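What follows is the residue order along each chain.
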Amino acid sequence: MIFRFSDFHFPDAAARLYPHTPGRPWVLEVGFGDGRFWPHHAATFPEAPNYLGVEISGTSLLKAGRRLRAAGLDNAVLTKLPAAPLIREVVPQGALDAVVVNFPDPWPKAGHTGHRLLRAPFFQLAASRLKPGGAVLLTTDHEEYFEFACAEAAASGVMAVEFTEPPPAALETKYALKWRDLGLGARHARFTPLAHPAVPHGALTRYPDSEEDPAVPHAILTLPETFAPQSFAKHTARGGQTPEDPAGWTAVLLDLYRTLGKTGWTALAHVVEGELTQEVLIGITAREDGTHLVRLARFGGPVITPGVKAAVGVLTDWLETQGAQVRHRGY
Ligand SMILES: C[S@@+](CC[C@H](N)C(=O)[O-])C[C@H]1O[C@@H](n2cnc3c(N)ncnc32)[C@H](O)[C@@H]1O
């Protein structure tokens, strides 16, 4: 089954994601590509473990979805997201039996190692989400990345490493076959947690069932009678930096549109929080008492994050600079 980020709970639970098989082992695969690993690997178990696959490529998501459906793997959830926010926000602490990474992008150029997935913070996050006895399983053809990942695991202080043979299914993936055709071998490492550090979940919530719910970020204000913007300049704000989250959030108000169906306007905002990005719409609609409601729209399935709340605040603040009088801030 394919899930959008907004279909998850934060954190979620195996019992909700896999209601028919909640007690089975739970495996996460990062960067599943066209999805060949899981049907091969699941077939080596008497009962297919529960599977969560995360991938940033939409084309791969669709290919893998078709492959898993054809294999009858109905206790499999696939999603299109960067791995870190999915693991941090969706997977509960101590829940996974394995995190599988087959042939991760090597980012071989000098100065690009910061883009690599298997760095110390990833190992700390994985250690926090693995059960005792669980492991990160890395298979790669790229010797230099392999050594890099082992050094990062050691630097994380939370992982021991063993060098073993890869699971046979890891040698059946698209990239495994590609490298095998070129006569290249693969290295395999099994990283097991020495400790399970607490890596906290962020403050994320699902969009409530009702738009009227006060948990939907909103503000109430009175616009000046003359308010009729004829142009809009892109507006960027940053905040939320903490020692644990030095990047914080960036909210960019990209544009403002006049709505024709309802009396008011809609703002388009781009919100970046680490690797997580969301495009959200924020409505400005007239209320019967003459005030206006600024409110995050349900459209597009937004997840309510500190950055999304901040975007509603940034729009409210901008309206204030245009002469609005803010009556209430609910974000
Ligand atoms: C070299 S391919 C390997 C694909 C597959 N595992 C295989 O062996 O055929 C690496 C995959 O990782 C995905 N990827 C890269 N960074 C990612 C991230 N941060 N989170 C999830 N997937 C990612 C890419 O889109 C790509 O499909």
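The preceding data block contains the structure.
Model, not experiment: these values are computed from the prediction.

Visitor: For this particular structure, what's the right way to read the sheet that holds strand β11 (residues 249-259)?
Guide: Remark on secondary structure: sheet strands pair via backbone hydrogen bonds, oriented parallel or antiparallel. Sheet architecture is open: 7 strands sit in the order β10-β11-β12-β13-β14-β9-β15, paired in antiparallel fashion. With partners counted over all chains shown, the strands left at the sheet margins are β10 (235-239) and β15 (325-330), one partner each. Adjacent strand axes in the sheet meet at a mean angle of 20°, parallel and antiparallel pairs treated alike. Across 4 bridges, the pairing between strand β9 (residues 218-222) and strand β14 (residues 292-296) is antiparallel. Bridge pairing in β14 links Ala-219 to Val-294. Lying on the sheet, helix α8 (residues 306-321) is in contact with β9, β10, β11, β12 (264-273), β13 (276-286), β14 and β15; it crosses β11 at an angle near 55°.

Visitor: Is there a simple way to think about the packing of helix α4 (residues 83-90) against helix α5 (residues 120-129) in this case?
Guide: Any two packed helices are characterised by how steeply their axes cross, that is the angle between the axes, and by the distance between the axes. Look at α4 against α5: their axes get within 10 Å of each other, and the N-to-C directions meet at 30°. In this structure, α4 crosses over α5, and the sense of that crossing is left-handed. The residues of α5 that touch α4, namely those facing Ala-84, Ile-87 and Arg-88, are Phe-122, Leu-125 and Arg-129. Its residues placed into classes, the contact of α4 with α5 shows 4 nonpolar, no polar and 2 charged.

Visitor: Looking at this structure, I do not really get the pattern of salt bridges. What am I missing?
Guide: Pairs can form between side chains of opposite charge once their charged atoms are near each other. Under the definition given, this model contains 15 salt bridges. With a shortest N-O distance of 2.7 Å, Lys-131 and Asp-97 are connected by a salt bridge. Of this pair, Lys-131 sits in strand β6 (residues 130-140) while Asp-97 is found in strand β5 (residues 96-102), placing the two residues 34 residues apart along the sequence. By relative accessible area, which is 28% here, Lys-131 ends up partly exposed. According to the relative accessible area criterion, Asp-97 is partly exposed, its value standing at 26%. A salt bridge links Glu-320 to Arg-329; its shortest N-O distance comes to 3.1 Å. Within the structure, one salt-bridge network assembled from shared partners comprises Asp-34, Arg-36 and Arg-67.

Definitions and cut-offs
Residues numbered from 1 in each chain as written. Predicted model: local features only at pLDDT ≥ 70, side-chain atom pairs only at ≥ 80, totals over all residues. Heavy atoms only, no water. Pairing = 2+ DSSP bridges. Helix = DSSP H or I, 4+ residues; strand = E, 2+ residues; numbered from the N terminus. Axes fitted to C-alpha atoms, helices over the stretch in contact; angles between N-to-C directions. Contact = heavy atoms within 4.5 Å. Left-handed = near helix turned anticlockwise from the far one by under 90°. Nonpolar A, V, L, I, M, F, W, Y, C, P; charged D, E, K, R; others polar. Salt bridge = Lys/Arg side-chain N within 4 Å of Asp/Glu carboxyl O. Buried < 20%, exposed > 50% of the residue type's maximum accessible area, 1.4 Å probe, protein only.

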